[in-house]
Amino acid sequence: MVNIFKQINLLFFLCFASFTFAKEAEGSSNNLKEEIRAYIQHHLEDTHDFNLLSYTAEDGHKVHIGMPLPVILWDEGFQIFSSSKLHHGESVAQVGDRFYKLDHGTIYRTDAEGTITYDEEHHATNVAPLDFSITKNVFTLMLTALLMFFLFRGLARSYATNGMIAKGVGRFFEPIVLYIRDEIAIPNIGEKHYKQYMSYLLTLFFFIWFLNILGLTPLGINVTGNIAITFALALITFIITNVTAKKDYWLHIFWMPGVPKIMRLALAPIELLGVFIKPFSLMIRLYANISAGHIVLMSLIGLMFIFKNWFGSSLSFGLAFAISIIEVLVALLQAYIFTVLSALYFGFAVEEHEHEEAH
Amino acid sequence: MEKLISEFSFGLFFWQLFIFVGLVLLLKKYAWKPILDTVNARETSIKEALGAAADARKEMASLQEDNQRILKEARAEREALLKEARTTGAQLVEQAKADAQKEADRILTQAQAAIQTEKAAAIEDLKRQVAGFSLDIAEKVLMSELEDRNKQTALVEKLLKDVNLK
């Protein structure tokens, strides 16, 4: 019981740190390091239930505190069941006449005993049905979307009721909205075309920022440090850039004006590659920054349990605290960078040149 | 890289696209458009208000100038009126003085004429009385003296010589 309290205290104490460790250090320090590594790895990944903390009870059996989320599988028809059936991969879930088991974050179709076979490279050979589950990340996405919707609709409504002046929390967000318009959209895209991109840029900025900040809370969420999320965002930027691009944009890629003809042939593949590299860099930058932040932060917290003395542990705590504060800035900065670069790419797409040979 | 690809969750990707695109569309309709419209309207109204204030200030300045000008004119007019009044007053006094002088002169002349007349009358009267007195005296003297005829004549002659009327 005392152990649990210690951990709960710690949980609230490190209010920016994102998780507590599964259990008190027992056994050799190598085991502990392995466990911390596994825990960090586990935290970075998405899960099928919303787990707040887990610990091993005194009778040696694992206790998870959190809530189950719905699992949705496409396995020749939708299979929908609660993730509590999977028991964090400890048991086999039976749905109708099918059996599923969770292994390292992936749900596989198994037999009644839950056998999973592996090939030489330790990849499971079982069939993994398409997984549309409302995972922890999807749940967080929905929550963030709801929060944003009510927040900004509230701002829009407060204008109507309060004579064009924002009220309440909107007073904080209104200057940010204006900043995105005046300092990001207009300078990068231009007065003439910026309006069509405003909805996307505003949503993008707040979405990434809120999710980054949520990732620093003790809820243990890592949404923007997931490659599927950053890929989706970069893909939308890519699509919008190319769909709204004007003739000049394509001309500059395939037949660069103002350079010798032979150079135009050489430049075309490079420019074309750039079209894909730009959103790709967006995807990797956000993913890498947020993941790295989480890894560093959790490693520092993990160090406390490795040192296990007042000096080392307080040092790691101090470091973890300092890094947390930096991470709050990184959360804002990465949202800003993603938005600015998206705006910049849109600006390239709609740029109009006065004269072809003027370069 | 291989790890990244193996970690890629299609389900999460699907939900992210679905939720995010939905959020962009919903927010566009219910939040961003009204917010940006309001902010634009507010900025326009602020600009207009500032312009109107500047206009009002300009108008105010021109009004003040007008007032100043009117005041100046009024003051000038007052000066002119005062000056005129002062001149008229002076003229009136002059006129009165001249009239008075003339009247005085006339009265004086009349008085002199009257005095002259009176004087002539008085002299006439005096002459008559003196003649009367002289006759009386002469009578009396003659009474007393004219016992002697010669004497009488001598005396008359002597007396007549002495009397010299002017």
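Peer 1: Help me out: how do you make sense of the overall build of chain A in this one?
Peer 2: Along its length, chain A carries nine helices and eight strands. Overall, chain A is about 80 × 50 × 45 Å in size when its C-alpha atoms are taken along their principal axes. The buried share of chain A, reckoned over its 359 residues, is 48%. The long-range share in chain A, meaning contacts at least 24 apart out of those at least 6 apart in sequence, stands at 59%. Of the roughly 18,000 Å² of accessible surface on chain A, a fraction of 66% belongs to carbon and sulfur atoms. Once the 24 positive and 32 negative side-chain charges of chain A are each reduced to a mean point, those two points are 8 Å apart.

Peer 1: Quick question: what am I supposed to make of the sheet that holds strand β6 (residues 98-103) of chain A here?
Peer 2: Strands pair in a sheet through their backbones, by hydrogen bonds, and they do so in one of two ways: parallel or antiparallel. All names here are of chain A. Read across the open sheet, the three strands follow the order β5-β6-β7; overall the sheet is antiparallel. Both outer strands of the open sheet, β5 (93-95) and β7 (106-110), are each paired with one neighbouring strand and no more. For this sheet, the mean angle separating the axes of adjacent strands, direction not counted, is 35 degrees. In this sheet, β6 lies alongside β5 in antiparallel orientation, the contact comprising three bridges.

Peer 1: In this structure, what is going on with the domain arrangement of chain A? I would like to understand it.
Peer 2: Where interface size is given, it is often the accessible area lost as the parts come together that is meant. Domain annotation of chain A identifies domain 1 (70-133) and domain 2 (137-358). Relative to domain 2 of chain A, the C-alpha centre of domain 1 of chain A lies at a distance of 35 Å.

Peer 1: Looking at this model, I keep getting lost on the pairing of strand β4 (residues 78-82) of chain A. Mind explaining?
Peer 2: The side chains of a regular strand alternate between the sheet's two faces. Residues and elements named next belong to chain A. Alternating positions in β4 separate cleanly, Gln79 and Phe81 being buried on one face and Phe78, Ile80 and Ser82 remaining unburied on the opposite face. Here strand β3 (residues 70-74) runs beside β4; their pairing, made up of five bridges, is antiparallel. By the bridge assignment for β4, proline 70 is matched with serine 82. What sits between β3 and β4 in their antiparallel hairpin is a turn of three residues, with glutamate 76 showing a positive phi close to 55 degrees.

Peer 1: Hey, could you run me through the packing of aromatic side chains in this one?
Peer 2: The relation between two aromatic rings is expressed through the spacing of the ring centres and the mutual angle of the planes. As enumerated under the stated definition, the model contains 37 aromatic pairs over all chains in all. Taking 5.9 Å as the distance between ring centres and 90 degrees as the angle between the ring planes, the aromatic pair formed by tyrosine 200 of chain A and phenylalanine 20 of chain B counts as edge-to-face. One end of the pair, tyrosine 200 of chain A, is in helix α5 (residues 198-214); the other, phenylalanine 20 of chain B, is in helix α2 (residues 10-145), on a second chain. Classification of tyrosine 200 of chain A by relative accessible area gives buried; the value is 4%. The exposure class assigned to phenylalanine 20 of chain B is buried, which follows from its relative accessible area of 1%. Here phenylalanine 14 of chain B and phenylalanine 18 of chain B contribute two aromatic rings whose centre-to-centre distance is 6.1 Å and whose plane-to-plane angle is 10 degrees, an arrangement assigned as stacked. One end of the pair is phenylalanine 14 of chain B and the other is phenylalanine 18 of chain B, both in helix α2 and four residues apart, which spans about a single turn. Three or more aromatic residues link up through ring pairs in this structure, and these residues are Phe132 and Phe231 of chain A together with Phe8, Phe10, Phe13, Phe14, Trp15 and Phe18 of chain B.

Rules used in this analysis
- Residues numbered from 1 in each chain as written.
- Chains lettered and ligands numbered in written order.
- Predicted model: local features only at pLDDT ≥ 70, side-chain atom pairs only at ≥ 80, totals over all residues.
- Heavy atoms only, no water.
- Helix = DSSP H or I, 4+ residues; strand = E, 2+ residues; numbered from the N terminus.
- Buried < 20%, exposed > 50% of the residue type's maximum accessible area, 1.4 Å probe, protein only.
- Contact = heavy atoms within 4.5 Å.
- Areas by Shrake-Rupley, 256 points an atom, 1.4 Å probe, with all protein chains shown as cover.
- Lys, Arg positive; Asp, Glu negative; His and termini not counted.
- Charge placed at Lys NZ, Arg CZ, Asp CG, Glu CD.
- Pairing = 2+ DSSP bridges.
- Axes fitted to C-alpha atoms, helices over the stretch in contact; angles between N-to-C directions.
- Domains from an automatic or database assignment.
- Phe/Tyr/Trp six-rings, centres within 6.5 Å; stacked < 30°, edge-to-face > 60°.

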